[in-house]
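Observations on chain architecture
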Amino acid sequence: MLLAIDIGNTQTVLGLFEGQQLRHTWRLASDTTRTSDELKAFVTQLFFEAGKKQDQPVAISRVIVASVVPALTRIWADLACDLSYLTRDSKPVIVDASLAQSLCAPGASPQEVGADRIANALAARTLYGAPAIVVDFGTATNIDVIDAAGLYLGGIISVGIQTGADALFRSAARLPVIDLAVPERVLGTNTKQAVQSGILYGEAAKVDALIAALKKENPQLDRPDIPVIATGGFSTSIVPLITAVTAIDEHLTLKGLQILADQADAAATQVAVNADGGVRP
């Protein structure tokens, strides 16, 4: 099985794939204070429970890691070796600028593009076609554009839903911390509803406006059949408020990592075949 690890600023998402099928997913806090031993014990228990559900032990033979938290990248890569059949000579695939290079359009900066955004772009063009737009609701709300050639063109980074809410609760002494459920009406009749409306309906309006601006600025995007895919932890709750979104794919990033892992395997196999045949790759 393939273990895909998506390390974000707030959450780390794990996905277990059998072939192209995503069998299990888990969300953990991206906690830099947690020791490798603590992580190993916790993840081992997750895999044990997954093995019980599928009536056979979880056997991991491949690992791919996408991370925007450098302090956690090596911890998870080493942990992946301990939890799988990998050895230190057979390291996990780490999504980095070298992998991004071939996926970025001229003018984009692959060394600055987050690994999760590259995975999203690849999954979008593979599963939904190109051009396309991806909206990822995470710590930040990222909007990314894949051009007609299927290459990552660029994007927008704005304050995420929970990030903005946390800042509001910290800064406004009289506002209580509330759950971010969508209220029935835009007009709030009490403080809780007013805050929920401002945060969630406000986020929806922001995303719709930004996508409209992208389409106006880029004629290749200004077509009714352009896929606009929402992903990330808040996608299922916020998307009903957004008119521009055409599909929800909560695990788009993991699917992109699975595709990247298959491409890396195919490239390694080709190199091995060429080496055996005496032909340079």
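Residues numbered from 1 in each chain as written. Predicted model: local features only at pLDDT ≥ 70, side-chain atom pairs only at ≥ 80, totals over all residues. Heavy atoms only, no water.

Quick look at the packing of aromatic side chains now. For the coordinates displayed, the defined rule picks out one aromatic pair. With a centroid separation of 5.6 Å and 50 degrees between ring planes, the pair formed by Trp26 and Phe47 is classed as tilted. Within this pair, whereas Trp26 is found in strand β3 (residues 21-29), its partner Phe47 is found in helix α1 (residues 36-53), the two being separated by 21 residues in sequence. In this pair, the class of Trp26 matches that of Phe47, namely buried. Here the guanidinium or amino end of Arg34 rests over the ring plane of Phe42, the centre of that ring lying 5.5 Å away. (Phe/Tyr/Trp six-rings, centres within 6.5 Å; stacked < 30°, edge-to-face > 60°. Helix = DSSP H or I, 4+ residues; strand = E, 2+ residues; numbered from the N terminus. Buried < 20%, exposed > 50% of the residue type's maximum accessible area, 1.4 Å probe, protein only. Lys NZ or Arg CZ within 6 Å of the ring centre and 35° of its normal.)

Our next topic: helix α6 (residues 191-217). Counting along an α-helix, one turn takes 3.6 residues, and residues three or four places apart therefore face a common direction. If you check α6, its first and last C-alpha atoms are 38 Å apart, about what 27 residues at 1.5 Å a residue would give, namely 39 Å. The inward-facing, buried residues of α6 contact β6 (132-137), β7 (140-146), β8 (152-159), α5 (161-171), β9 (228-231) and α7 (235-238). For α6, the capping residue at the N-terminal end is Asn190, with a side-chain oxygen 3.2 Å from the backbone nitrogen of Lys192. (Expected span 1.5 Å × (residues − 1). Contact = heavy atoms within 4.5 Å. Polar contact = N/O pair within 3.5 Å; in protein donor to acceptor, adjacent residues only side chain to side chain.)

Sheet architecture is open: five strands sit in the order β3-β2-β1-β4-β5, paired in mixed fashion. Strands with a single pairing partner mark the edges of an open sheet, and in this sheet they are β3 and β5 (93-94). Examined bridge by bridge, strand β1 (residues 2-7) and strand β2 (residues 11-18) share six bridges and lie antiparallel to one another. Looking at the pairing, Ile5 lines up with Leu14 of β2. Where helix α2 (residues 70-83) meets the sheet, its contacts fall on β1, β2, β3, β4 (62-67) and β5, and the angle it forms with β1 comes to roughly 165 degrees. (Pairing = 2+ DSSP bridges. Axes fitted to C-alpha atoms, helices over the stretch in contact; angles between N-to-C directions.)

Another point: the pattern of salt bridges. The full count for this structure, using the stated rule, is eleven salt bridges. The partner of Glu250 in a salt bridge is Arg27, with the nearest N and O atoms 3.7 Å apart. Here Arg27 lies in strand β3 and Glu250 lies in the loop between β10 (247-248) and α8 (252-276), a separation of 223 residues in the sequence. When its relative accessible area of 36% is taken as the criterion, Arg27 is described as partly exposed. Here Lys192 ties to Asp179 by a salt bridge, and the two come within 3.4 Å at their closest N and O atoms. One end of the pair, Lys192, is in helix α6; the other, Asp179, is in the loop between α5 and α6, with 13 residues separating them in the sequence. Relative accessible area serves as the criterion here: at 41%, Asp179 is assigned to the partly exposed category. (Salt bridge = Lys/Arg side-chain N within 4 Å of Asp/Glu carboxyl O.)

A few words on the pairing of β6. Burial analysis of β6 places six of its six residues in the buried class, the great majority of the element. Of the two faces of β6, both are covered, the one formed by Ala132, Val134 and Asp136 as well as the one formed by Ile133, Val135 and Phe137. In this structure, β6 lies alongside β7, joined through six bridges in antiparallel fashion. Note on β7: the bridge partner recorded for Val134 is Asp144. Here β6 folds back onto β7, and the loop between the two strands holds two residues.

On the secondary structure map, Gln11 appears in strand β2. Taking C-alpha positions, Gln11 is 22 Å from Gln111, a pair spaced 100 residues apart along the chain. If sequence neighbours within four positions are ignored, Gln11 has contacts with Asp6, Arg27, Leu28 and Ser30.

Read from one edge of the open sheet, five strands run β8-β7-β6-β9-β10, paired in mixed fashion. Across the chains shown, the open sheet's two edge strands, defined by having one partner strand only, are β8 and β10. With respect to the sheet, helix α4 (residues 115-127) is in contact with β6, β7, β8 and β9, its orientation differing from that of β7 by roughly 45 degrees.

What follows covers the layout of surface pockets. Unfilled space is identified by rolling a water-sized probe across the atoms. If you add up the space inside the largest pocket, you get close to 610 Å³. Taken together, 29 residues form the lining of the largest pocket, with Gly8, Asp116, Asp136, Gly138 and Thr139 sitting closest to its centre. Those elements that provide at least two residues to the lining of the largest pocket are β2, α4, β6, β7, α5 and α8. For the lining of the largest pocket, the class distribution of residues is seven nonpolar, 15 polar and seven charged. (1 Å grid on protein atoms, 1.4 Å probe; cavity = no way out; pocket = protein on both sides within 12 Å on 5 of 7 lines; lining within 4 Å. Points joined across faces, edges and corners; volume = space filled by probe spheres on them. Nonpolar A, V, L, I, M, F, W, Y, C, P; charged D, E, K, R; others polar.)

The next thing to look at is the environment of Pro183. Turning to its location among the elements, Pro183 is positioned in the loop between α5 and α6. In this structure the C-alpha to C-alpha distance between Pro183 and Ser197, which are 14 residues apart in sequence, comes to 6.2 Å. Residues within four places of Pro183 in sequence aside, it is in contact with Gln193, Gln196, Ser197 and Tyr201.

On to unusual backbone geometry, then. The linkage connecting Ala130 with the following residue, Pro131, adopts the cis geometry, with an omega of 0 degrees. Structurally, the position occupied by Pro131 is in the loop between α4 and β6.

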